[in-house]
Amino acid sequence: MHAFIESHWAVVKHILWFLKGTSSFGLHLTCGSSLSLHGFTDADWVGSIDDRKSTGGHIVFLGTTLISWKSDKQHTVARSFTEAEYKTFS
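Rules behind the numbers
- Residues numbered from 1 in each chain as written.
- Predicted model: local features only at pLDDT ≥ 70, side-chain atom pairs only at ≥ 80, totals over all residues.
- Heavy atoms only, no water.
- Pairing = 2+ DSSP bridges.
- Helix = DSSP H or I, 4+ residues; strand = E, 2+ residues; numbered from the N terminus.
- Phe/Tyr/Trp six-rings, centres within 6.5 Å; stacked < 30°, edge-to-face > 60°.
- Buried < 20%, exposed > 50% of the residue type's maximum accessible area, 1.4 Å probe, protein only.
- Axes fitted to C-alpha atoms, helices over the stretch in contact; angles between N-to-C directions.
- Patch = residues over 30% accessible without salt bridge, like charges linked within 9 Å, V, L, I, M, F, W, Y side chains within 5 Å.
- Areas by Shrake-Rupley, 256 points an atom, 1.4 Å probe, with all protein chains shown as cover.
- Salt bridge = Lys/Arg side-chain N within 4 Å of Asp/Glu carboxyl O.

(A) The pairing of strand β3 (residues 65-73), seen in detail. Summarising the sheet, strand β2 (residues 55-62) and β3 pair through 8 bridges and their orientation is antiparallel. If you follow V60 over to β3, its bridge partner there is S68. The turn linking β2 back onto β3 is made up of 2 residues, and G63 within it adopts a positive phi angle of 70°.

Put into structure tokens, the structure is as follows:
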């Protein structure tokens, strides 16, 4: 459990390579901007005609800066719009 194997070192190297390449990235917040946190979610019930599965997603803002988003096809068929919206949070 305490011994690192070669695959662990490969993952560590990959993480360090990623961090080196993204060190200039960041959130651009202005001095006068609000730091309120807002989240929005939505789903389309039976959006796919082929398998009748819904697609859901969410976005999260810190002030006016987008800090998180996700859009995903749901794994199971929702039986109602409410269930499709609920599964978006799960």
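Back to the write-up after that little detour.
(B) Spotlight on the packing of aromatic side chains. Within the structure shown, the criterion is met by 1 aromatic pair. Residues F40 and F61 carry aromatic rings whose centres are separated by 6.3 Å and whose planes lie at 75° to one another, so their mutual orientation is edge-to-face. With a gap of 21 residues between them, F40 in strand β1 (residues 37-44) and F61 in strand β2 connect regions that are remote in the sequence. Of the residues examined, F40 reaches a relative accessible area of 48% and is grouped as partly exposed. Residue classification places F61 among the partly exposed residues on the basis of a relative accessible area of 22%.

(C) Spatial organisation of unusual backbone geometry. Phi is positive for R52, close to 60°, though the residue is something other than glycine. Inspection of the secondary structure puts R52 in the loop between β1 and β2.

(D) Representation of the sheet that holds β3 within the structure. Across the sheet, which stays open at both edges, the 3 strands sit in the order β1-β2-β3 with antiparallel pairing between neighbours. The open sheet is flanked by β1 and β3, the only strands paired with a single partner. Pairwise comparison of adjacent strand axes, ignoring direction, gives a mean angle of 10° for this sheet.

(E) Spatial organisation of a nonpolar patch on the surface. Taken together, the side chains of F4, W9, V11, V12, I15, L16, W17, F18 and L19 make up a nonpolar region of the molecular surface, amounting to roughly 960 Å² of accessible area. Note that L19 resides in helix α1 (residues 6-21).

Read these as layout, nothing more, since geometry by itself doesn't imply function.
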